[in-house]
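# Structural overview for review
Residue-level listing of the chains:
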Amino acid sequence: MLDVCLLGTAGMMPLPYRYLTSLMTRYNGSSLMIDCGEGTQIAVKKAGWSFHPIDVICFTHYHADHISGLPGLLLTMGNAERTEPLTLIGPKGLKRVVSALRVIAPELPFEVCCTEITEPEQVFRLHGYKITAFMVKHNVICYGYTIEIERQGRFDAQKALGYGIPKNYWSILQKGSSIEYEGTVYEPSLVMGPPRKGIKLAYCTDTRPAELLVKNARGSDLLICEGMYAEEEKLAKARQYKHMTFYEAAQVARQSQAKELWLTHFSPSLVRAEDYMPKVREIFPNASLGKDGRMIEMNFED
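Description of the structure in this document. (Residues numbered from 1 in each chain as written. Predicted model: local features only at pLDDT ≥ 70, side-chain atom pairs only at ≥ 80, totals over all residues. Heavy atoms only, no water.)

To continue, consider the side chain of lysine 200. With respect to the helices and strands, lysine 200 occurs in strand β12 (residues 196-204). For the buried residue lysine 200, which engages in no salt bridge, the nearest side chain bearing the opposite charge is glutamate 148, 5.0 Å off. From its side chain, lysine 200 meets the backbone oxygen of asparagine 216 in a polar contact 2.9 Å long. In terms of polar contacts, lysine 200 uses its side chain to reach the backbone carbonyl oxygen of arginine 218, at 2.9 Å. (Helix = DSSP H or I, 4+ residues; strand = E, 2+ residues; numbered from the N terminus. Buried < 20%, exposed > 50% of the residue type's maximum accessible area, 1.4 Å probe, protein only. Lys, Arg positive; Asp, Glu negative; His and termini not counted. Salt bridge = Lys/Arg side-chain N within 4 Å of Asp/Glu carboxyl O. Polar contact = N/O pair within 3.5 Å; in protein donor to acceptor, adjacent residues only side chain to side chain.)

Now for the sheet that holds strand β5 (residues 86-90). Taken in spatial order, the seven strands make up an open sheet running β6-β5-β4-β3-β2-β1-β16, and their pairing is mixed. Of all strands in the sheet, those bounded by a partner on one side alone are β6 (112-116) and β16 (294-298). Across this sheet, the average inter-strand angle for adjacent strands is 20 degrees, counted without regard to direction. By the bridge criterion, five bridges tie strand β2 (residues 22-27) to strand β3 (residues 30-34) in an arrangement that is antiparallel. Paired with arginine 26 across the bridge in β3 is serine 31. (Pairing = 2+ DSSP bridges. Axes fitted to C-alpha atoms, helices over the stretch in contact; angles between N-to-C directions.)

Where burial is concerned, most of helix α9 (residues 246-256) is hidden: eight out of the eleven residues are buried. For α9, the complete set of buried residues consists of Phe246, Tyr247, Glu248, Ala249, Ala250, Val252, Ala253 and Ser256. Elements in contact with the buried residues of α9: α7 (211-217), β13 (222-226), α8 (235-241), β14 (261-264), α10 (277-283) and β15 (287-289). (Contact = heavy atoms within 4.5 Å.)

Structural measurements only, silent on function.
Rendered as structure tokens:
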């Protein structure tokens with residue numbers, strides 16, 4: 001089970017009724033955050049979630065509305081007596097940016113580990129998450145992310161019995177470790193079926209439609225994607241500033257065969273966003289507006 005909370009949906013600046021775009025997930029006691037702009041701490045509090053279990057923070061890019069809340073969050077985590085290391089993931093320049101921001105948060109009781117993305121697509125495995133970073137098309141280096149919870153195949157008890165493996169070894173094989181019994185080494189692949197479908201969440205802001213976005217969002221259970229502009233006449237502006245319209249995001253969802261689309265990262269000027277959704281749903285029927293604090297519990301399929 002993966003818990004997902006869209007903390008905020010605003011682009012560029014926080015508004016009284018809309019926090020800056022940020023995402024938080026929870027899995028198996030570990031929390032992950034993507035982007036941390038001004039006011040993100042308040043959004044976490046409003047959602048009723050906790051700062052303490054955050055083990056990973058991923059950054060899409062280093063515009064202020066996506067990272068300026070980091071020093072305050074680090075101080076809050078430190079004041080909560082956190083001692084476990086915190087991993088930060090982001091494009092090249094992460095160490096320099098974090099070092100500059102930590103001028104106002106210099107002393108922390110935990111280690112901050114900066115991991116810079118060096119490839120157009122790069123996979124990280126941390127705390128049970130498979131995190132894939134993929135480059136998109138903004139006016140600075142920017143990445144989207146997929147968060148996957150993988151699911152191993154079923155344990156075949158009949159095969160285990162056939163090999164003569166005692167039952168007290170079965171759990172070891174199920175956890176992916178080999179065993180040695182009476183001089184023979186048994187690998188998990190002998191008794192485990194093929195991997196089953198896991199959970200896949202795709203998240204992307206600040207981009208034009210991009211090949212790697214479609215590729216990495218393919219087959220996602222949920223795609224959370226920027227829709228900076230809803231007015232059709234703002235397509236030229238979207239192209240100029242390297243953002244997407246509602247309709248382009250819907251096309252990405254359709255092309256990637258995502259199951260569901262939440263729009264986010266709205267322009268401060270956008271009002272009555274729901275009025276534009278009928279046309280969006282003509283392109284991708286299972287589309288809806290992301291709202292601050294919107295949550296979903298994503299479960300494995302039976």
